[in-house]
Amino acid sequence: MKILVPVKRVVDYNIKPRVKADGSGVETAGVKMSMNPFDEIAVEEAVRLREKGAASEVVVVSIGVQQAQDTLRTAMAMGADRAILVLTDESPEPLAVAKVLKTLVEKEGPSLVVLGKQAIDDDMNATGQMLAGLLGWGQGTFASKVDVVDGRVNVSREIDGGTEQVSLTLPAIITADLRLNEPRYASLPNIMKAKKKPLETIPAADLGVDMAPRLTVVSVAEPAERKAGIKVGSATELVEKLRNEAKVI
Amino acid sequence: MTALVLLDHEGGQIRKAALSAVTAATRLGDVHVLVAGDAALAQAASQIAGVSKVLHAADARYAHELAEPLAALLVSLAGSYDHIVAAAGATGKNVLPRAAALLDVQPIPDVVSIVDAQTFVRPIYAGNALATVRSSDAKKVLTVRSASFDAAPAEGGSAPVEAVAAVDSPDVSRFEAVQLSDSARPDLESARVVVSGGRGMGSEEKFHALDPLADVLGAAVGASRAAVDSGFVPNELQVGQTGKIVAPELYMAFGISGAIQHLAGMKDSRVIVAVNKDPEAPIFQVADYGIVGDLFEVVPQLVEELKK
Ligand SMILES: Cc1cc2nc3c(=O)[nH]c(=O)nc-3n(C[C@H](O)[C@H](O)[C@H](O)COP(=O)(O)OP(=O)(O)OC[C@H]3O[C@@H](n4cnc5c(N)ncnc54)[C@H](O)[C@@H]3O)c2cc1C
Ligand SMILES: Nc1ncnc2c1ncn2[C@@H]1O[C@H](COP(=O)(O)O)[C@@H](O)[C@H]1O
């Protein structure tokens, strides 16, 4: 069984994003970029399934600029076997990403696609669900536990009021939530080894997918800045302020 | 123009957040709602103020709101609607993107403001930026944040209920079980006061130090990811970029440092209080009132003061 894991290169989660002065977007030039944290979890889960013998190969794929190669190398240093870069200068929307991924699924024939639940730049939380729809596959989103048994995958999902279990027939789509696992750090020898693993580059145009955006960004603005308030010396003072100044209790 | 709102439910009740989605939809036109579940839910839906028709899908395959059948049902109904709307909760986020893909539409998640019928404001980068986006799709598929729209009154409407037949969909998923936390406390997303604890709470046992405070304030209890990851509380209490988004009148953070991912979930609260023993903790940069001190001393004092 083959597993496909789409990974996205995003602004590192430790960086506070800055809105560009002209309101056209968020500054990414000269900013530290990393693998989307949820995708690290997705890669980890796929590698563990291979290590357990439930899978035979883990293929990672990124749709993006040339530098997304670094993200793919990181994924291979974590244990993925090979990588595909679908090269594009645009930052495609989930609908376009899902269409590209569908063509790759048709070519590669994986039994499982494990994605992150959400990219921390666009915060869309959509691509996995959309790919599942396009393929007509079952979807186990926001997964906190995944078990592959007898041609099915059983998934625990984080829902608003607790946890839910669903069982899907393979092939299927999983999207990883934060508590699915704790991703490993790539060791130096594995980073060296990853440099020799195969990385295939495909120009997005070669896939014949309509990637035109459907959403036009009218503007990007800073949210209203909250000002730091005051420090109070005691619980008594705090309660007094909440009662008489903020009038909130 | 008419919008169709998917009313999600949990534990036999329509979720409060779905009522906010109804309010958002009223800004877009006439509002029809779709309820997948038993007749009592459809009855409850027909009472919601502002709803002009209830579509009721009673077939058992929809009872657990599985994405595969429900997205197919939405697609079959979509022809009559300009907008398809749901609350930005676990169900809306699971089902709507799938339906959107089948309709060849790019969904618009987490809408916090409606500019016009095709233009919406949504946070990106954990709420560090607000993007205004205009959709060129013929239909708009969106989820809305309940913290940004008041809940529609649950009473006062009298919409007719129309049964909708089941439609075919790939038989690839089955519901197995659900575990819902049965808390007597108010719902985190709609509570007026939220009392949250972080890693500083120390343990599952010590997290209960917040109970008397939540009791006296009638507050919901929330948590940071670190508190959830450390096993102090279940995951559904997590507030933040990847947890619940809350905007109560009063948010009180105990032993929470204030990482941007946490702030993303609570910085629109009206009044923020932080108690932290580190005077440099970033949470103080967004707090209206802060106490530098040990929460295990401050919390009992607060309880005593509030009882006065
Ligand atoms: C992709 C991604 C998504 C994330 N999503 C979320 C999210 O949705 N929500 C979220 O919360 N986090 C999220 N995080 C995690 C986030 O980055 C932080 O790690 C987390 O919020 C830290 O939680 P904390 O403040 O409880 O812990 P810490 O940062 O460890 O802070 C603990 C605080 O407690 C204080 N303290 C300790 N003891 C006491 C005491 N006795 N009295 C008073 N103060 C005390 C300390 O001074 C410290 O400031 C996410 C991270 C990633 C990578
Ligand atoms: N450009 C991309 N390249 C590879 N994977 C992506 C890309 N965009 C999104 N994904 C995958 O889809 C998941 C959800 O992204 P999103 O729907 O944008 O929040 C991510 O965690 C990735 O696994």
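Here the structure is a predicted model, which is why all the values come from computation and not from measurement.

## With respect to the interface of chain B and chain A
If you look at the interface, chain B gives 91 residues, while chain A gives 80 residues. Taken together, the two surfaces of chain B and chain A that pack against each other cover about 7,000 Å², and 52% of this comes from carbon and sulfur. Area buried by chain B at its contact with chain A is led by Q106, Y125 and Y289 of chain B, which between them contribute 12% of it. Across the contact surface, chain B and chain A share six salt bridges. Linking R179 of chain A and D229 of chain B is a salt bridge whose minimum nitrogen-to-oxygen distance equals 3.1 Å. At the boundary of chain B with chain A, the tally comes to 52 residue pairs in polar contact (both at pLDDT 80 or more). Ranked by the residues each element gives to the side of chain B that touches chain A, the list is headed by helix α4 (residues 90–102) of chain B, at nine residues. Residue composition of the side of chain B that touches chain A, by class: 42 nonpolar, 23 polar and 26 charged. When strand β9 (residues 162–169) of chain A meets strand β13 (residues 173–180) of chain B, the two strands line up antiparallel, connected through seven bridges. If you follow S167 of chain A over to β13 of chain B, its bridge partner there is R174 of chain B.

## Focus on the site of ligand 2
Residue and element names in this part refer to chain A. The environment of ligand 2 is formed by 19 residues, the closest being P6, D39, I63, A119 and T127. Between ligand 2 and N36 there is a distance of 3.0 Å, counted from an oxygen atom to a side-chain nitrogen or oxygen. A distance of 2.7 Å is found between an oxygen atom of ligand 2 and a backbone nitrogen or oxygen belonging to A119. Within the complex, 99% of the 480 Å² of free accessible area of ligand 2 lies under protein.

## Notes on the sheet that holds strand β5 (residues 82–87) of chain A
The mixed open sheet is built from 10 strands, whose spatial order is β11(A)-β5(A)-β4(A)-β1(A)-β6(A)-β10(A)-β7(A)-β8(A)-β9(A)-β13(B). Every interior strand has two partners, whereas the edge strands, β11 (199–203) of chain A together with β13 of chain B, have only one. Strand-to-strand, the axes of this sheet are offset by a mean angle of 30°, without reference to chain direction. As judged from the six bridges shared by strand β4 (residues 57–64) of chain A and β5 of chain A, these two strands associate in the parallel manner. Paired with V61 of chain A across the bridge in β5 of chain A is I84 of chain A. With respect to the sheet, helix α2 (residues 68–77) of chain A is in contact with β4, β5 and β11 of chain A, its orientation differing from that of β5 of chain A by roughly 165°.

## What about the environment of P212 of chain B?
Residue and element names in this part refer to chain B. With respect to the helices and strands, the residue P212 is situated in helix α6 (residues 211–217). For P212, a relative accessible area of 38% translates into the label partly exposed. The spatial distance from the C-alpha of P212 to the C-alpha of L130 is 37 Å, given a sequence separation of 82 residues.

## Digging into helix α6 (residues 235–244) of chain A
Of the residues making up α6 of chain A, those classed as buried are A235, L238, V239, K241 and L242 of chain A. An end-on view of α6 of chain A places all buried positions within 160° of arc, on one side of the element. If you follow the buried residues of α6 of chain A, they end up packed against β13 (230–231) of chain A together with β16 (250–254), β17 (271–276), β18 (289–292) and α9 (295–307) of chain B.

## Details of the side chain of R15 of chain B
Mapped onto the elements of the fold, R15 of chain B is located in the loop between β3 (13–14) and α1 (16–26). Within the structure, R15 of chain B has its side chain in polar contact with the side chain of E189 of chain B (distance 2.6 Å). In this structure, R15 of chain B is in contact with D160 of chain A together with D8, H9, E10, G89 and E189 of chain B, ignoring residues within four places of it in sequence.

## Notes on the pattern of salt bridges
Residue and element names in this part refer to chain A. Taken as a whole and assessed by the stated rule, the structure comprises 35 salt bridges over all chains. Ionic pairing is found between K32 and D12, a salt bridge with its closest N-O pair at 3.6 Å. Highlighted residues: K32 in the loop between β2 (9–11) and β3 (33–35) and D12 in the loop between β2 and β3, separated in sequence by 20 residues. With relative accessibility at 8%, the residue D12 sits in the buried group. A salt bridge links R184 to E44; its shortest N-O distance comes to 2.9 Å. Linking R184 in the loop between β10 (172–176) and α5 (188–194) with E44 in helix α1 (residues 37–51), this pair joins segments that are 140 residues apart in sequence. Judged by relative accessible area, which is 2%, E44 ranks as buried. Here the salt bridges do not stand alone but share partners, grouping K2, E57, R82 and E108 into one network.

The rules behind the values
Residues numbered from 1 in each chain as written. Chains lettered and ligands numbered in written order. Predicted model: local features only at pLDDT ≥ 70, side-chain atom pairs only at ≥ 80, totals over all residues. Heavy atoms only, no water. Contact = heavy atoms within 4.5 Å. Buried area = accessible area lost by both parts, 1.4 Å probe. Salt bridge = Lys/Arg side-chain N within 4 Å of Asp/Glu carboxyl O. Polar contact = N/O pair within 3.5 Å; in protein donor to acceptor, adjacent residues only side chain to side chain. Helix = DSSP H or I, 4+ residues; strand = E, 2+ residues; numbered from the N terminus. Nonpolar A, V, L, I, M, F, W, Y, C, P; charged D, E, K, R; others polar. Pairing = 2+ DSSP bridges. Near = heavy atom within 4 Å. Areas by Shrake-Rupley, 256 points an atom, 1.4 Å probe, with all protein chains shown as cover. Axes fitted to C-alpha atoms, helices over the stretch in contact; angles between N-to-C directions. Buried < 20%, exposed > 50% of the residue type's maximum accessible area, 1.4 Å probe, protein only. Arc of directions from axis to C-beta.

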